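Chain and residue survey
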Amino acid sequence: MAEHIYVTGQVVAEGITFVDAAQGIEEYRLDNGMKLLLVAQPVAPVVALMVLYHVGSRNEAVGYTGATHLLEHMMFKGTPTFNTNRGTQIAAVLKRLGAHFNATTWLDRTNYFEAVPKEHLEFVIQLEADRMRNSLIRDEDREAERIVVRNELERGENEPLRVLDQHAWAAAFREHPYHHPTIGWRCDVENVPTERLRQFYHTFYWPKNATTIIVGDFQRHEALSYVAKHFGRIPSPPHEIPPVYTVEPPQEGERRFKLRRVGEVGLVQLCFHIPEARHPDVYPLALLSRILTDGITTRLYQRLVDAGLAISVNSMASHLKDPGLFEIVAVLRPEVPHQQVEDAILAELACIQDQGVSQAELDRAKVKIEATVYYERDGALNYACALAEAESSADWRWFLDYVPQVQRVQVGDIQRVAQQYLVEDNRTVGWFVPKASPGPQDQPQGEEESDE
């Protein structure tokens, strides 16, 4: 077993110390502060490399919202070593290797990843180490990517579900930066100076603010030597990584808004503040979400879809670094009033608060979560992505403990969290009210009505 190979605190390669291991995951720490996780899975001759930066839209503020996402695009433009002029553009060289690669940005993190034949592991480690500190943050690249991101933003504005969700988070979070959408506000995306992006890059893109994950078919001593050679020579940052200290205060009354835009169907979204990923209540809340909407036998599906009130209904309990939201979204059938659907949702929540759920419902929800979790971890790259999500909001031990914690939830826990969190004063309600066609009075950003 991996946990018996090294002793905690043992130096295993130049500048790399073994920290801990469990269930196939080995944790190491570099002298420059970078966290390294190795997961050997020699089932196929491929390896996945994931560099997770603990920076996302959570670390942004007005004036440079969307900076993390814009930088994600610009960091494919190259470095002095990998660039178009030398015929070594990052995307081009990765394609020549047959790599599957990409990058994504979210509230708490940004990740850059490649899945490659195992003989190319050192190359992608070299590339990501180079990109960490040597990315070319240039004016011409910002302008090109600004247009690309603007197109993404405009496509999103044509998706009613996405627009409603963006407004719901902005209404639910008044002070915490989860208020801002990951893609950023349009005016910031259009106008943020290159120098502000460069400053953001040099603030957050350091080994000390990153976790590197390697999953797949590799030799441990080789992986450690590659990491030491390429990441190990990057110095520690000359400054502390700025912490996020803003805490969203408790909500003191329901917040409501209506969004009137061109669309085909109406939407109703209800959001409730819930704790962060490390809080023990995230497990019963995840199960409550499954009990409400995961499948045709669930409560809200039967109350809304089977009853002819909605086309679909979904829910989700977020697992984030800071307190997030429990969301319920229903797509209305034509001519069905928003208030009728909202009342039906609230009636079902009241039923659970008053009477709880059955053991059979809870058991089915546990099976669904277990199946989903293990399915999402199948394969080297999927495993690396799932592990990175856990690292961004908690850590790898949370990742290992998630299913066992879900299995420990009791029937009474579901009723308790419903009573505690799904209450009026903690609630934000958004309605998407479709317009038949655009008119001269339409506002591109939508009209919003709010009150508390």
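Here goes a summary of the coordinates provided. As the structure is a prediction and not an experimental result, all values here were calculated from the model. (Residues numbered from 1 in each chain as written. Predicted model: local features only at pLDDT ≥ 70, side-chain atom pairs only at ≥ 80, totals over all residues. Heavy atoms only, no water.)

A word on the overall build of the chain
- Regarding its fold elements, the chain presents 15 helices and 14 strands.
- Since a compact globule built from 452 residues should have a radius of gyration of about 22 Å, the 23 Å found for the chain is in line with a globular shape.
- Its C-alpha atoms give the chain principal-axis dimensions of about 65 × 55 × 40 Å.
- Counting only residues that meet the buried cut, the chain has 55% of its 452 residues in that class. (Helix = DSSP H or I, 4+ residues; strand = E, 2+ residues; numbered from the N terminus. Rg over C-alpha atoms; globule rule 2.2 N^0.38 Å. Buried < 20%, exposed > 50% of the residue type's maximum accessible area, 1.4 Å probe, protein only.)

Thoughts on the environment of leucine 161
- Position of leucine 161 among the secondary structure elements: in helix α5 (residues 160-172).
- Separated by 170 residues in the primary sequence, leucine 161 and valine 331 place their C-alpha atoms 8.7 Å from one another.
- In this structure leucine 161 touches Leu267, Val329 and Val331, once residues within four positions along its chain are discounted. (Contact = heavy atoms within 4.5 Å.)

Topic: the pairing of strand β12 (residues 324-332)
- Most of β12 sits out of view: nine of its nine residues are buried.
- The sheet contact formed by strand β10 (residues 267-274) and β12 spans eight bridges and is antiparallel. Within β12, the residue paired with leucine 267 across the bridge is valine 331.
- The pairing of strand β11 (residues 310-317) with β12 spans seven bridges and is classified as antiparallel. Counterpart to methionine 316 in the pairing with β12 is glutamate 327. (Pairing = 2+ DSSP bridges.)

Quick word on the packing of aromatic side chains
- Here the structure, examined in full by the defined rule, presents 17 aromatic pairs.
- Measuring from ring centre to ring centre gives 5.8 Å for tyrosine 53 and tyrosine 112, while their planes differ by 85 degrees; the resulting arrangement is edge-to-face. Of this pair, tyrosine 53 sits in strand β5 (residues 46-53) while tyrosine 112 is found in strand β7 (residues 110-117), placing the two residues 59 residues apart along the sequence.
- Residue classification places tyrosine 112 among the buried positions, given a relative accessible area of 0%.
- Connected via pairs of aromatic rings, a cluster forms that spans Tyr53, Phe76, Phe101, Tyr112, Tyr201 and Tyr205.
- The ring of phenylalanine 76 has arginine 131 lying over it, and the distance from NZ or CZ to the ring centre is 4.6 Å.
- Sitting over the face of the ring of tryptophan 206, arginine 133 holds its NZ or CZ atom 3.7 Å from the ring centroid. (Phe/Tyr/Trp six-rings, centres within 6.5 Å; stacked < 30°, edge-to-face > 60°. Lys NZ or Arg CZ within 6 Å of the ring centre and 35° of its normal.)

Quick look at the packing of helix α10 (residues 299-306) against helix α11 (residues 338-355)
- Where α10 meets α11, the axes come as close as 10 Å, and the angle between the chain directions of the two elements is 155 degrees. With respect to their mutual orientation, α10 and α11 come out roughly antiparallel. As α10 packs across α11, the resulting crossing turns out to be right-handed. In contact with Arg299, Leu300, Arg303 and Leu304 of α10, α11 contributes Val341, Ala344, Ile345, Ala347, Glu348, Cys351 and Ile352.
- Taken together, the residues of the contact of α10 with α11 sort by class into eight nonpolar, no polar and three charged. (Axes fitted to C-alpha atoms, helices over the stretch in contact; angles between N-to-C directions. Parallel < 35°, antiparallel > 145°, perpendicular 65-115°, else oblique. Left-handed = near helix turned anticlockwise from the far one by under 90°. Nonpolar A, V, L, I, M, F, W, Y, C, P; charged D, E, K, R; others polar.)

What about the nonpolar core?
- Formed by 70 residues in total, the largest nonpolar core has its most connected members in Leu304, Phe326 and Ile345.
- Residues within four places of leucine 304 in sequence aside, it is in contact with Leu309, Ala310, Val313, Ala330, Val341, Ala344 and Ile345.
- One finds Ala67, Leu153, Phe204 and Val227 within the second-largest nonpolar core, a separate group that totals 61 residues. (Core = buried A, V, L, I, M, F, W, Y, C linked by side-chain atoms within 4.5 Å.)

A few points about the side chain of asparagine 209
- Structurally, asparagine 209 can be placed in the loop between α7 (194-204) and β8 (210-216).
- Here asparagine 209 falls in the buried class, since its relative accessible area comes to 7%.
- Of the polar contacts made by the side chain of asparagine 209, one reaches the backbone oxygen of phenylalanine 204; its length is 3.1 Å.
- Setting aside residues no more than four positions away along its own chain, asparagine 209 makes contact with Leu52, Tyr53, His54, Val55, Phe204 and Ile241. (Polar contact = N/O pair within 3.5 Å; in protein donor to acceptor, adjacent residues only side chain to side chain.)

Considerations on the pattern of salt bridges
- Counted by the stated rule, this structure contains 31 salt bridges.
- The shortest N-O distance in the salt bridge between arginine 131 and glutamate 114 comes to 3.5 Å. Taken together, the residues span a long stretch of sequence, with arginine 131 in helix α3 (residues 121-134) and glutamate 114 in strand β7 at a distance of 17 residues.
- Each of Glu143, Arg146, Arg150 and Glu190 takes part in salt bridges that share partners, so that together they form one network. (Salt bridge = Lys/Arg side-chain N within 4 Å of Asp/Glu carboxyl O.)

Quick notes on unusual backbone geometry
- In this structure, glutamine 23 is a non-glycine residue whose phi angle is positive, near 50 degrees.
- Within the fold, glutamine 23 resides in the loop between β2 (16-22) and β3 (25-30).
- For glutamine 23, a relative accessible area of 59% translates into the label exposed.

A look at α3
- The end-to-end C-alpha distance of α3, which contains 14 residues, comes to 20 Å, matching closely the 20 Å that a straight helix rising 1.5 Å per residue would cover.
- Counting buried residues in α3 gives ten out of 14 residues, a clear majority hidden from the surface.
- Taken residue by residue, α3 has Leu121, Val124, Ile125, Leu127, Glu128, Ala129, Asp130, Arg131, Met132 and Arg133 as its buried positions.
- On the buried face of α3, the contacting elements are β5, α2 (90-96), β7, α7, β8 and α8 (220-230). (Expected span 1.5 Å × (residues − 1).)

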